[in-house]
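Listed here are the chains, written in short residue letters.
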Amino acid sequence: MKALILVGGFGTRLRPLTLSTPKPLVQFANKPILLHQIEALVAAGVTHVILAVSYRAELLEKEMKLQEERLGIKITISLEAEPLGTAGPVGLAAAHLTVDKEPFF
């Protein structure tokens, strides 16, 4: 099973925490916010997570490669070169979601 997580926001309401760190990597209960979500998805049977990212994508990609190995899942980055609005990232990630008939969250 696959899951899409939209993590492309600038995190303006979390400033100054997000000036140097993307919002999904801000620590909550001693681990990145995004990691809480991914671990819950893995527990629900998800084996492939697609992340729709834009802001500070290089930091997010680096951290997720480490987590991909640790959790034994596939994590794909769908990069927005420029902000596409609320539904734009879903359309951009559609190629990753529809590559096979596997269901997704």
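Residues numbered from 1 in each chain as written. Predicted model: local features only at pLDDT ≥ 70, side-chain atom pairs only at ≥ 80, totals over all residues. Heavy atoms only, no water.

Caption draft 1: View of the overall build of the protein. On a plain count of helices and strands, the protein comes out with three helices and five strands. Buried positions account for 38% of the 105 residues belonging to the protein. Taking all contacts inside the protein whose residues are at least 6 apart in sequence as the whole, residues at least 24 apart take part in 75%. Total accessible area computed for the protein in this model is approximately 6200 Å², and 60% of it derives from carbon and sulfur atoms. (Helix = DSSP H or I, 4+ residues; strand = E, 2+ residues; numbered from the N terminus. Buried < 20%, exposed > 50% of the residue type's maximum accessible area, 1.4 Å probe, protein only. Contact = heavy atoms within 4.5 Å. Areas by Shrake-Rupley, 256 points an atom, 1.4 Å probe, with all protein chains shown as cover.)

Caption draft 2: Region of the structure containing the nonpolar core. Grouped together as the largest cluster of nonpolar side chains are 17 residues, with contacts concentrated most on Ile5, Leu34, Ile38, Val49, Leu51 and Met64. Other than its neighbours up to four places away in sequence, Met64 contacts Leu25, Leu34, Ile38, Leu51 and Ile75. (Core = buried A, V, L, I, M, F, W, Y, C linked by side-chain atoms within 4.5 Å.)

Caption draft 3: Region of interest: the side chain of Glu68. Locating Glu68 in the fold gives a position in helix α2 (residues 57-71). Residue classification places Glu68 among the buried residues on the basis of a relative accessible area of 17%. With residues up to four places along the chain from it excluded, the contact list for Glu68 reads Ile73, Lys74 and Ile75.

Caption draft 4: Layout of a nonpolar patch on the surface. A cluster of nonpolar side chains, Leu14, Leu17, Phe28 and Ile33, forms an exposed patch at the surface whose accessible area comes to about 360 Å². Tracing the backbone through its elements, the reader meets Leu17 in the loop between β1 (2-6) and β2 (27-28). (Patch = residues over 30% accessible without salt bridge, like charges linked within 9 Å, V, L, I, M, F, W, Y side chains within 5 Å. Salt bridge = Lys/Arg side-chain N within 4 Å of Asp/Glu carboxyl O.)

Caption draft 5: Spotlight on α2. Look at α2: 20 Å from first C-alpha to last across 15 residues, which is about the 21 Å you get at 1.5 Å a residue. Among all positions of α2, only Ala57, Leu60, Met64, Gln67 and Glu68 are buried. The arc enclosing the buried residues of α2, seen along the axis, measures out at 110 degrees, which places them on a common side. Relative to its buried face, α2 has exposed residues pointing more than 90 degrees away, namely Lys62, Leu66 and Glu69. Against the buried residues of α2 lie α1 (33-43), β4 (48-53) and β5 (74-79). (Expected span 1.5 Å × (residues − 1). Arc of directions from axis to C-beta.)

Caption draft 6: How the structure looks around the side chain of Gln67. Residue placement: Gln67 occurs in helix α2. Polar contacts involving the side chain of Gln67 include one to the side chain of Arg70, which spans 2.7 Å. (Polar contact = N/O pair within 3.5 Å; in protein donor to acceptor, adjacent residues only side chain to side chain.)

Caption draft 7: View of the sheet that holds β4. Sheet architecture is open: three strands sit in the order β1-β4-β5, paired in parallel fashion. What marks the edges here is a single partner per strand, and that holds for β1 and β5. When the angles between neighbouring strand axes are averaged without regard to direction, this sheet yields 20 degrees. Bridge analysis of β1 against β4 gives five bridges, and the strand direction is parallel. The residue of β4 that forms the bridge with Lys2 is His48. Relative to β1, α1 is tilted by about 165 degrees, and along the sheet it contacts β1, β4 and β5. Helix-sheet contacts for α2 involve β4 and β5, and the interaxial angle to β5 is about 170 degrees. (Pairing = 2+ DSSP bridges. Axes fitted to C-alpha atoms, helices over the stretch in contact; angles between N-to-C directions.)

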